[in-house]
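# Working through the structure, step by step
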Amino acid sequence: MSLIRIALAGEGGQGVQSVAEILTEAAYNENQQTIYIPNFGLEQRGGVSIAFIQFSDKRIGAPKFNKADVVIALSGRAVGRTAGYSDENTLFVYDSGFDFDKEDLPQQAKKIIAIPAVDTANQKLHPKVFNIIIMGAVIGLTNVVSFEAAKEALEHKLAYKFEKDPSLRELNFKAMEIGKQMAEKSLQEEVDNND
Amino acid sequence: MEMLAPATPKSWYLPSKPHKFCPGCGHGITLKALGEAIDELGIQQETIFGCDIGCSLLAWNFFACDSTQTHHGRTTPVMVGIKRARPELITIGYMGDGGGYSIGSQHLLNSAVRNEKVTLILVNNTNYGMTGGQMAPTTLPGQITETSPYGRDPESTGYPTRGPEFIAELTPEGAYVARATVSKYKQLRRLIRNAIRNQIEGNGFSFVEVLSTCPTNWRTNANQTWNFLEEKMEQYFPVGEIKSPLGKGDK
Amino acid sequence: MEKIIGEPKKAFMTGNETVAWACLAAGADIMFGYPITPQNEVMHYWTRLAPKYNRGFLQTEDELSAGFTTCGAVQAGKKAFTATAGPGNVLMQEPFGMAEAMRLPVLSIIQQRGGPSSGTVVYSQQEVTLTTYGGNGEGHRIVYSTATHQEIYDYVIKGFNIAWKYRFPTFVLGDGYQAKMREPLEMYDPEDKGIEIIKPYPLIGIPGNIGESREPQHLCNIYSLEEELYEVLMKVSAEYEAISPEIVEFEARYCEDADIIIISHGVVSRAADDAVKILRAQGIKAGYFRPITLRPFPQQQLRDVIAQSGAEHLLIAESAYGQLERLTKQEIYGETVKIDNLFMPGVGIIDYDIIKKVKSII
Ligand SMILES: Cc1ncc(C[n+]2csc(CCOP(=O)(O)OP(=O)(O)O)c2C)c(N)n1
Ligand code: SF4
Ligand SMILES: [Mg+2]
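Presented here is an overview of the structure given in this document. (Residues numbered from 1 in each chain as written. Chains lettered and ligands numbered in written order. Predicted model: local features only at pLDDT ≥ 70, side-chain atom pairs only at ≥ 80, totals over all residues. Heavy atoms only, no water.)

### A closer look at the overall build of chain A
Each helix and strand counted, chain A has six helices and six strands in total. Along its sequence from the N terminus, chain A presents helices and strands in the succession β-α-β-β-β-α-β-β-α-α-α-α. In terms of overall dimensions, chain A is globule-like: its C-alpha atoms have a radius of gyration of 16 Å, near the 16 Å expected for 195 residues. Out of the 195 residues belonging to chain A, those deemed buried represent 56%. Restricting to contacts in chain A with at least 6 residues of sequence separation, those with at least 24 account for 56%. Summed over all atoms, the accessible surface of chain A reaches about 8,800 Å², with 45% contributed by carbon and sulfur. Where the 21 positive side-chain charges of chain A centre and where its 27 negative ones centre are 5 Å apart. (Helix = DSSP H or I, 4+ residues; strand = E, 2+ residues; numbered from the N terminus. Rg over C-alpha atoms; globule rule 2.2 N^0.38 Å. Buried < 20%, exposed > 50% of the residue type's maximum accessible area, 1.4 Å probe, protein only. Contact = heavy atoms within 4.5 Å. Areas by Shrake-Rupley, 256 points an atom, 1.4 Å probe, with all protein chains shown as cover. Lys, Arg positive; Asp, Glu negative; His and termini not counted. Charge placed at Lys NZ, Arg CZ, Asp CG, Glu CD.)

Right under this line is the structure:
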């Protein structure tokens, strides 16, 4: 796999950094090269949280990047904050469950798609697994890691929670599956629309 | 907890609101009390507000008063410099327990001994908030922080600093020294106002420690946060005036 | 020595965590530190690991204290280290000066952040001047600038050894990106790689009875006469210069026929490496030179590379406004090659930035 760069952004507390951790852990376990750098400015207090992630089969250079292959913005503010990482090769994904100024969307993008992760989490699953739906969506959009590897890394990260409440395991795996399908579907729709 | 007065203090700088502290943080309550004290004393124009590096730095544009950010631990000497140069200004330094009792302790100690005519407000949240929750001089015995992951052990790291008590020992008669808590808002506002009045009257060094909350690094919900403040902290750090040259008439 | 890692093993972790493990594997006895971003997690991991391996930790009241307690522990014969950044690095210059003057093998990990003052807590390469020449002295220090987590691990282990072998304060210079990012590396016990661990030894509190089998130790750092200090400094300078060729480290690639050589250090060299490959693929003869030791600087090696390649241009790329450039220029004084720069103080540099700059020059 050649280099794939992802910028994942959301509100503090949405679990953006956990998703980045699990995905890169999964990629590492699959013997890929991977780098993940959180943003960690003063913005932590009540700001947008961004994870910069890279996957590759070769040694990865600079840890940060200016333009991403995929940008995922999980709140209205995150859209404005990350639009600059998008250029004509970028797949820009946002959650359809937020209101925001459509002018904040990037000027340049290969594609802009919306996915209903928040609504799905709230209505069909549980608000807490919102970020796991997103993780599934990242896999559906990019195939950066195998579904199995992601499951294992998730299991590893949340083992202590699953132990206390085994039903959480099913819930999380289901969230991932739904996220993946959601992403695949939206990509498909895009293709159809483009016809 | 008493009700917070709903009106916005006149001395607040509105473009910087809503403020950037975490939900449930005591910094916001303390700064509200300070804002009201500034309003009541009518000193917005001559106040110089100085903040430390710590979560207090988020207050750098909090007030519609001339303000300056300083360095971690160095707010006290910057305030002293301003006051010595322009005694007509009212200097209010705002810092955390790490900034005041740890890295800036020599400044606190020496300016107290010299009875510098400044007002300092120190927010005690029992940890280093801004840097992600390490042990502070005020961390309670047994309390878990990022650098006391097995709980603070007084054997190897000593007991929590009781700042106002030690400053009271160091200062001459004109000094004002008190401890307040964000759980008793009216008292908090009164003690801060007294600490500023003491500077205005030219009596001496004025210091208020404020017991505060840090739910983010304590990893507590609203209930646990208030319990920790009211039960654990207020027990170890008694609240009230320790030293006051102001007439007993002040209620 | 105690085996920490066992069989060499792959790990995927942050740079700060890597520091803590490397210190453990190198046999560090105690850490002194004061919180500062982006170094905090070195302390967080160390405080979790240290008690399990019977190692020590003290959070001091500030960086002055952290630096001086480290000096004290080293005098007492323990492998002590500290870690800091930004304004903390500024405060530590006083104890580092003592370490320089008294030849104390202090190891310090510096994770650069934006400056001056509180700057940012994120990233920069603005502590090069401070770390190499920050004291009120001559910069008798050894400074390794790392670029990968593997190097962080390797050079922390090496740093302890070099410090105790030559007795100059030694630094591993990282930055906020290296501190916070996760990437793969291999951890190992040094002896399994044939690395001999230099044992620490006390400078005070040494064996023997004073007046019987030994003289009392009187360590000093102040002299009454100018001439006395002069003599000491000339001796130390000569020693430093003599050992420098053994210590200098660098990387040079694609330089033989290069028209332009890109000079960078630390994490920026990763972008430079990528940039050079891309430029080569486009038919532009770019070369790559990276000092790994900033003090002592691989000046002869750089001069050789310039001479062999016949390059007309050097491009110095750094996340600072000329700190590496000043260092390089003073070291290769007299070379006639044209020196261009890409200064991006306090922000990251990627291959694209370097490629664009190179194309604007050639
Ligand atoms: C010289 C120096 N050392 C360390 C730091 C890093 N630093 C920034 S804020 C802080 C701690 C803040 O804790 P405290 O003063 O208790 O304030 P709080 O955030 O808890 O309100 C530290 C150690 C710094 N900015 N400068
Ligand atoms: S980290 Fe703690 S002290 Fe800082 S703003 Fe958040 S709650 Fe307040
Ligand atoms: Mg604090």
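### Points about the site of ligand 2
The environment of ligand 2 is made up of 12 residues, and the closest members are B:Cys22, B:Cys25, B:Cys55, B:Asn125 and B:Cys214. Taken together, the residues near ligand 2 originate from chains A and B. Considering every element that reaches the shell around ligand 2, the biggest residue donor is helix α8 (residues 215-218) of chain B, with three residues. A per-class count over the shell around ligand 2 returns six nonpolar, five polar and one charged. (Near = heavy atom within 4 Å. Nonpolar A, V, L, I, M, F, W, Y, C, P; charged D, E, K, R; others polar.)

### Looking at unusual backbone geometry
If a residue is not glycine, its phi is most likely negative; likewise, a peptide bond is most likely trans. The linkage connecting B:Lys17 with the following residue, B:Pro18, adopts the cis geometry, with an omega of 0 degrees. Residue position: B:Pro18 is located in the segment before α1 (26-41). In this chain, C:Thr37 is followed by C:Pro38 through a cis amide linkage whose omega measures 5 degrees. Positive phi outside glycine occurs at C:Arg103, with the angle close to 55 degrees. Assignment of secondary structure puts C:Arg103 in the loop between α5 (93-102) and β5 (107-112). Exposure remark for C:Arg103: the relative accessible area of 13% places this residue in the buried category.

### Structural notes on the site of ligand 1
Not every one of the 23 residues close to ligand 1 is listed here, only the nearest: B:Cys55, B:Asp97, B:Gly99, B:Gly129 and C:Glu63. Those chains with residues close to ligand 1 are chains B and C. Within the contact set of ligand 1, an oxygen atom lies 2.8 Å away from a backbone nitrogen or oxygen of B:Gly99. Here a nitrogen atom of ligand 1 and a side-chain polar atom of C:Glu63 are 2.5 Å apart. Here ligand 1 loses 97% of its free accessible area of 590 Å² to cover by the protein chains. At the level of elements, α3 (97-103) and β5 (127-128) of chain B together with α4 (86-91) of chain C are the ones that each hand at least two residues to the shell around ligand 1. Per-class residue counts for the shell around ligand 1 are 10 nonpolar, 11 polar and two charged. (Polar contact = N/O pair within 3.5 Å; in protein donor to acceptor, adjacent residues only side chain to side chain.)

### Brief notes about the coordination of the magnesium ion (ligand 3)
Residues and elements named next belong to chain B. Around the magnesium ion (ligand 3), the protein contributes the donor atoms Asp97 (OD), Asn125 (OD1) and Asn127 (O), which lie 2.0 to 2.2 Å from the metal centre. Mapped onto the sequence, the donors of the magnesium ion (ligand 3) take the spacing D-x27-N-x1-N. On the criterion of sequence distance, the pair formed by Asp97 in helix α3 and Asn125 in the loop between β4 (119-124) and β5 is long-range, its members being 28 residues apart. By relative accessible area, which is 2% here, Asp97 ends up buried. (Donors = N, O, S within 2.8 Å, 3.2 Å for Na, K, Ca; no water.)

### Considering the sheet that holds strand β9 (residues 250-253) of chain C
All names here are of chain C. In space, the five strands of this open sheet follow the order β9-β11-β10-β13-β14, with mixed pairing throughout. Each of the sheet's edge strands pairs with one partner strand only, and the pair in question is β9 and β14 (338-343). Recorded for the sheet is a direction-independent mean angle of 20 degrees between the axes of neighbouring strands. The pairing of strand β10 (residues 260-263) with strand β11 (residues 286-291) spans four bridges and is classified as parallel. Looking at β11, one finds that Ile261 is bridged to Gly287. In the packing of helix α13 (residues 351-361) onto the sheet, the strands contacted are β10, β13 (313-318) and β14, and the crossing angle to β13 comes to about 150 degrees. (Pairing = 2+ DSSP bridges. Axes fitted to C-alpha atoms, helices over the stretch in contact; angles between N-to-C directions.)

### Quick word on the interface of chain B and chain C
Between chain B and chain C, the contact holds 17 residues from the first and 21 residues from the second. Of the roughly 1,400 Å² buried between chain B and chain C, counting both surfaces, carbon and sulfur atoms make up 51%. In terms of surface lost to chain C, no three residues of chain B exceed B:Glu146, B:Thr147 and B:Tyr150, which account for 31% of the buried area on that side. At the junction of chain B and chain C, the tally comes to one salt bridge. If you look at where chain B meets chain C, you find 14 residue pairs in polar contact (both at pLDDT 80 or more). For the side of chain B that touches chain C, the elements supplying multiple residues, two or more each, are α3 and β6 (134-135) of chain B. No other element matches the three residues that α3(B) contributes to the side of chain B that touches chain C. Considering only residue class, the side of chain B that touches chain C consists of six nonpolar, nine polar and two charged. (Buried area = accessible area lost by both parts, 1.4 Å probe. Salt bridge = Lys/Arg side-chain N within 4 Å of Asp/Glu carboxyl O.)

### Structural notes on the sheet that holds strand β4 (residues 80-84) of chain C
Residue and element names in this part refer to chain C. Taken together, seven strands build an open sheet; the order of strands is β3-β2-β4-β5-β7-β6-β12 and the sheet is mixed. Looking along the sheet, the strands with just one partner apiece sit at the ends: β3 (56-59) and β12 (293-295). The average undirected angle you get between the axes of adjacent strands in this sheet is 20 degrees. As paired strands, β4 and β5 are joined by four bridges and run parallel to one another. Its bridge partner lying in β5, Ala83 is registered against Ile109. Across the sheet, helix α3 (residues 63-75) touches β2 (30-33) and β4, and the angle it forms with β4 is around 160 degrees.

### Some words on the interface of chain C and chain A
Counting residues at the interface gives 24 residues for chain C and 21 residues for chain A. In this assembly, chain C packs against chain A so that about 1,900 Å² is buried in total across both faces, 63% of it on carbon and sulfur atoms. Taken together, the connections running from chain C to chain A amount to two salt bridges. Between A:Arg59 and C:Asp273 there is a salt bridge, and its shortest N-O distance comes to 3.9 Å. Inspection of the chain C/chain A interface yields five residue pairs in polar contact (both at pLDDT 80 or more).

### Observations regarding the packing of helix α1 (residues 16-29) of chain A against helix α5 (residues 147-164) of chain A
Residue and element names in this part refer to chain A. Following both chains from N to C, one finds α1 and α5 inclined at 125 degrees, their axes separated by 8 Å at the closest point. With respect to α5, the element α1 is oriented oblique. Where α1 crosses over α5, the handedness of that crossing is right-handed. Contact residues: Ser18, Glu21, Ile22, Glu25 and Ala26 in α1; Ala149, Ala150, Ala153, Leu154 and Lys157 in α5. Its residues assigned to classes, the contact of α1 with α5 comprises six nonpolar, one polar and three charged. (Parallel < 35°, antiparallel > 145°, perpendicular 65-115°, else oblique. Left-handed = near helix turned anticlockwise from the far one by under 90°.)

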